[in-house]
Amino acid sequence: MRCSIFLIAITCLSSLGWAQDPAAKEWIWSHKVAKANEVTYFRTEFTLAQVPEKAQIRFTCDNGATVVINGKPVGETNDWNEPVVAADKGFLQAGKNWVAVKATNDAGNIAAFVMDIGAPKAPPVLVTNGQWKFSPTGQGWDQPNTDTTSWQPVASMGKYGSGPWGQALDGGKKGGLAEDTITAPAGFKVDLIYTVPKSNQGSWVCLAVDHKGRFLAGDQDGKIYRITLTKSEPKVEELAVKLTHAQGLLYANNALYVVVNGPNPGLYRLRDTNGDDQFDEETLLRKIDGGGEHGPHQVVLAPDGKSLYVTGGNHTKIPNPERSLVSPMYGEDHLLPRDWDANGHAKGILAPGGWICQTDFEGKTWTLFAAGFRNEYDVAFSPTGEAFTYDADMEWDIGMPWYRPTRINHAIAGNESGWRSGTGKWPAYYIDSLPAAVNIGPGSPTGVVFGTGAKFPAKYQRACFALDWTYGTMYAIHLTPNGASFDGEKESFITGKPLPLTDAVIHPDGAMYFTVGGRKTQSALFRVTYTGPESTAPVGPATMTKEAKLRHELEALILAPPQQRSAG
């Protein structure tokens, strides 16, 4: 989940050569959609009548870039928020000049590069635009007289100053985490609360609120942080705990519950035993065998506030549950032989796939609540106790008969959603599989949360908000009862380019807060408030159908502990 940008500006007196309109400067990349771990090369040529005085070479890069002019290395950068400004020290020459760039993208599908040449306050003589060329192999990229006839035209990612990158070279807003790059429905306001310094606080993927209204956030590859809002800059402190790699956080029952996806994965409980407002006791409640982006994910509070629900992706073994509400008949009979994924993804991994488990606060008794997902990251409960999750697709299957889009699943007790590896996925019409409430399409699902408690208009208080990392979209899912389950409609609620959404919570102050980050991308904390004319008075739960009431009664029988069920 990472967006990478490369930007170079070189400026020179317009009287010394061919002057270009600064407004024509564009962010460019090899393709509209970048690839993870991509390395690409750019070249262009320009002519100067004479070498200018006081010429500057400015550039910056979100991941990594090396710049060469006329065979001489100008420099390199690893942080696009800190652009390099280099004075000309023999790089430029009268007559023909050539510029070569090696640019990299760590992760994510957005990257960009921009460049110009000129002196401060003078029109540039060179800018990045469609006349530039790129090569994925970079044969002779930094050599003179390189034959670029086989190099291809670049793709425009937008004019300089647009999109998420702003005017990073000119003291403008640094990056795509500014409010003016985000869209929201009329009446809603999105504020950037805190930009996470990547150098020492990482990239945040999970968010929770403690008993004092403070936020707790987990760096995907690092520490856990506590954030206290103030009238000015938020106070951010690193928790003095050993646990790292949190992908799930929940403060409940006077403790912080943490799902670790990394070294020693599992469900942990942190407690403050001496009242000093620090967590001094760390307890592993249960080991969870799994890791990576399809590993153990989130922990949430049950609707009655008396137990926990934990989620895991399809590369994560169910943590030895003491009982199962899902029928354990996982035999995969196929009329036609199964084809595994051609790239080997999830090869050999069989049902039940991604799962949701319920456990007590001590983590002693685990129940498999629902299964058959690919890689659901989170689960959220409506005011009436309905569980919903946002499950992932296999993007490589797009166009195939067995492709299943990312989708909103109603997760009922004993639910089987039919994920099977390769071509073995259950079609929506299989009677043993509960179909999706809403099909979304391609994406990378992360957090889900209901609008309960938000000072939003009524329909948004009842909405289920689902976050998509790849396409930078938070959907508001408006659910409609249909028999014992639900249908729904999706609305693009919050969007940004890029906006790698990771998690969201409703704070006691009535606002929604969400994080962006993951996969080492630039991370930040945002707040969403409603300032429009509609009423934000609290609304009660939606009316349940008689079929749903009956289902709840039946679920209560199987959710009850075995001794209670036998006694009844």
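Here, the structure is the one placed above.
Rules of the game
Residues numbered from 1 in each chain as written. Predicted model: local features only at pLDDT ≥ 70, side-chain atom pairs only at ≥ 80, totals over all residues. Heavy atoms only, no water. Helix = DSSP H or I, 4+ residues; strand = E, 2+ residues; numbered from the N terminus. Rg over C-alpha atoms; globule rule 2.2 N^0.38 Å. Buried < 20%, exposed > 50% of the residue type's maximum accessible area, 1.4 Å probe, protein only. Contact = heavy atoms within 4.5 Å. Pairing = 2+ DSSP bridges. Core = buried A, V, L, I, M, F, W, Y, C linked by side-chain atoms within 4.5 Å. Axes fitted to C-alpha atoms, helices over the stretch in contact; angles between N-to-C directions. Salt bridge = Lys/Arg side-chain N within 4 Å of Asp/Glu carboxyl O. Polar contact = N/O pair within 3.5 Å; in protein donor to acceptor, adjacent residues only side chain to side chain. Phe/Tyr/Trp six-rings, centres within 6.5 Å; stacked < 30°, edge-to-face > 60°. Lys NZ or Arg CZ within 6 Å of the ring centre and 35° of its normal. Expected span 1.5 Å × (residues − 1). Arc of directions from axis to C-beta.

A.B. asks: Just checking my understanding: could you explain the overall build of the chain for this structure?
C.D. replies: What the chain contains, in helices and strands, is four helices and 41 strands. For 568 residues, the compact-globule estimate of 2.2 N^0.38 gives 24 Å, and the chain sits close to it at 26 Å. Per-residue burial over the chain gives 56% buried out of 568 residues. For the chain, long-range pairs separated by at least 24 residues make up 64% of all intrachain contacts whose partners lie at least 6 apart in sequence.

A.B. asks: Which parts of the structure should I look at to understand the pairing of strand β26 (residues 308-312)?
C.D. replies: Regular strands show a simple pattern: their side chains alternate between the two faces of the sheet. The buried fraction of β26 amounts to five of the five residues, a majority that puts the element mostly inside the structure. Pairing between strand β25 (residues 296-301) and β26: four bridges, direction antiparallel. Directly across from Val 299, in β26, lies its bridge partner Val 310.

A.B. asks: What exactly am I supposed to notice about the nonpolar core here?
C.D. replies: In terms of nonpolar packing, the biggest core is built from 33 residues, with Trp 29, Phe 42, Ile 69, Val 74, Val 99, Phe 113 and Trp 132 touching the most fellow members. Elements that contribute at least two residues to this core include exactly β2 (26-29), β3 (38-48), β4 (56-61), β5 (64-69), β8 (95-105) and β9 (110-112). Formed by 25 residues, the second largest nonpolar core is a distinct cluster that contains Ile 506, Ala 524, Val 528 and Tyr 530.

A.B. asks: Would you mind going over unusual backbone geometry with me for this structure?
C.D. replies: Note: most residues except glycine have negative phi, and most peptide bonds are trans. Each neighbour pair has its own omega, and for Ala 351 with Pro 352 the value is 15 degrees, a cis peptide bond. Its place among the elements puts Pro 352 in the loop between β27 (323-324) and β28 (354-359). Phi at His 245 is positive, roughly 60 degrees, even though this residue is not glycine. You can see His 245 is positioned in the loop between β20 (235-238) and β21 (246-252).

A.B. asks: What's the story with the sheet that holds strand β19 (residues 224-228) in this structure? I'm lost.
C.D. replies: In sheet architecture, strand pairing relies on hydrogen bonds along the backbone and comes in two forms, parallel and antiparallel. Here four strands make up an open sheet; going across it, the order is β17-β18-β19-β20 and the pairing antiparallel. On the outer flanks of this sheet lie β17 (204-209) and β20, each paired with one strand and no other. On average, each strand axis in the sheet is tilted by 25 degrees relative to the strand beside it, whichever way the strands run.

A.B. asks: Mind showing me how you'd approach the pattern of salt bridges here?
C.D. replies: A side chain with one charge may pair with a side chain of the opposite charge, provided their charged atoms come close. All chains considered together, the criterion is met by 19 salt bridges. Of the charged contacts, one joins Asp 277 and Arg 226 as a salt bridge, the two residues approaching to 3.7 Å between their closest N and O atoms. Taken together, the residues Asp 277 in the loop between β23 (266-271) and β24 (281-287) and Arg 226 in strand β19 connect sequence positions 51 residues apart. Put simply, Glu 386 and Arg 551 hold a salt bridge, and the shortest N to O gap is 2.8 Å. Pair noted here: Glu 386 is in the loop between β30 (379-381) and β31 (387-391) and Arg 551 is in helix α3 (residues 546-559), with a separation of 165 residues, a long-range link. Classification of Glu 386 as buried rests on a relative accessible area of 2%. Under the relative-accessibility criterion, Arg 551 is labelled buried at 10%. What emerges from the salt-bridge pattern is a single network uniting Asp 210, Lys 212, Arg 214, Arg 226, Glu 237 and Asp 277.

A.B. asks: Help me out: how do you make sense of the sheet that holds strand β12 (residues 133-135) in this one?
C.D. replies: Reading across the sheet, the six strands line up as β6-β5-β8-β3-β12-β13 and stay open at both edges, with antiparallel pairing between neighbours. The outermost strands of the open sheet, each flanked by one partner alone, are β6 (72-77) and β13 (152-153). As defined by bridge partners, β5 adjoins β8 across six bridges and the pair is classed as antiparallel. Its bridge partner being in β8, Val 68 is matched across the sheet by Ala 100.

A.B. asks: Please clarify how the side chain of Asn 314 should be interpreted in this entry.
C.D. replies: Within the secondary structure layout, Asn 314 lies in the loop between β26 and β27. Within the structure, Asn 314 has its side chain in polar contact with the side chain of His 294 (distance 2.8 Å). Contact partners of Asn 314, with chain neighbours within four places excluded, come to His 294, Ala 346, Ile 349, Gly 353, Gly 354, Phe 373, Arg 374 and Trp 419.

A.B. asks: Could you clarify how one ought to interpret the side chain of Ser 433 in this entry?
C.D. replies: Relative to the elements of secondary structure, Ser 433 occurs in the loop between β33 (415-416) and β34 (438-441). According to the relative accessible area criterion, Ser 433 is buried, its value standing at 7%. Filtering out sequence-adjacent residues up to four positions away, Ser 433 remains in contact with Glu 416, Ser 417, Gly 418, Trp 426 and Ala 428.

A.B. asks: Hey, could you run me through the packing of aromatic side chains in this one?
C.D. replies: Where two aromatic rings form a pair, the distance of their centres and the angle of their planes describe that pair. Applying the stated criterion across every chain yields a total of 24 aromatic pairs. Ring centres of Phe 42 and Phe 113 lie 4.7 Å apart, and the angle between their planes is 10 degrees; this geometry places the pair in the stacked category. Here Phe 113 lies in the loop between β9 and β10 (116-117) and Phe 42 lies in strand β3, a separation of 71 residues in the sequence. Across the pair, exposure class does not vary: Phe 42 and Phe 113 are buried alike. Members of the aromatic cluster, connected to one another through ring pairs, are Phe 188, Phe 456, Tyr 460, Phe 465, Phe 493 and Tyr 530. For the cation-ring pair, Lys 25 lies above Tyr 160, with the distance from its terminal atom to the ring centre recorded as 3.9 Å.

A.B. asks: How should I be thinking about α3 in this particular structure?
C.D. replies: Helical geometry: 3.6 residues make up each α-helical turn, so side chains three or four residues apart lie on a common side. Taking 1.5 Å as the rise per residue, α3 with 14 residues should run 20 Å; its terminal C-alpha atoms sit 20 Å apart, in good agreement. For α3, the complete set of buried residues consists of Ala 548, Arg 551 and Glu 555. Mapping the buried residues of α3 onto a view down its axis gives an arc of 55 degrees, with all of them on the same face. For α3, the exposed residues set more than 90 degrees away from the buried face come down to Lys 546, Glu 553 and Leu 557. The elements touched by buried residues of α3 are β32 (406-411) and β38 (485-496).

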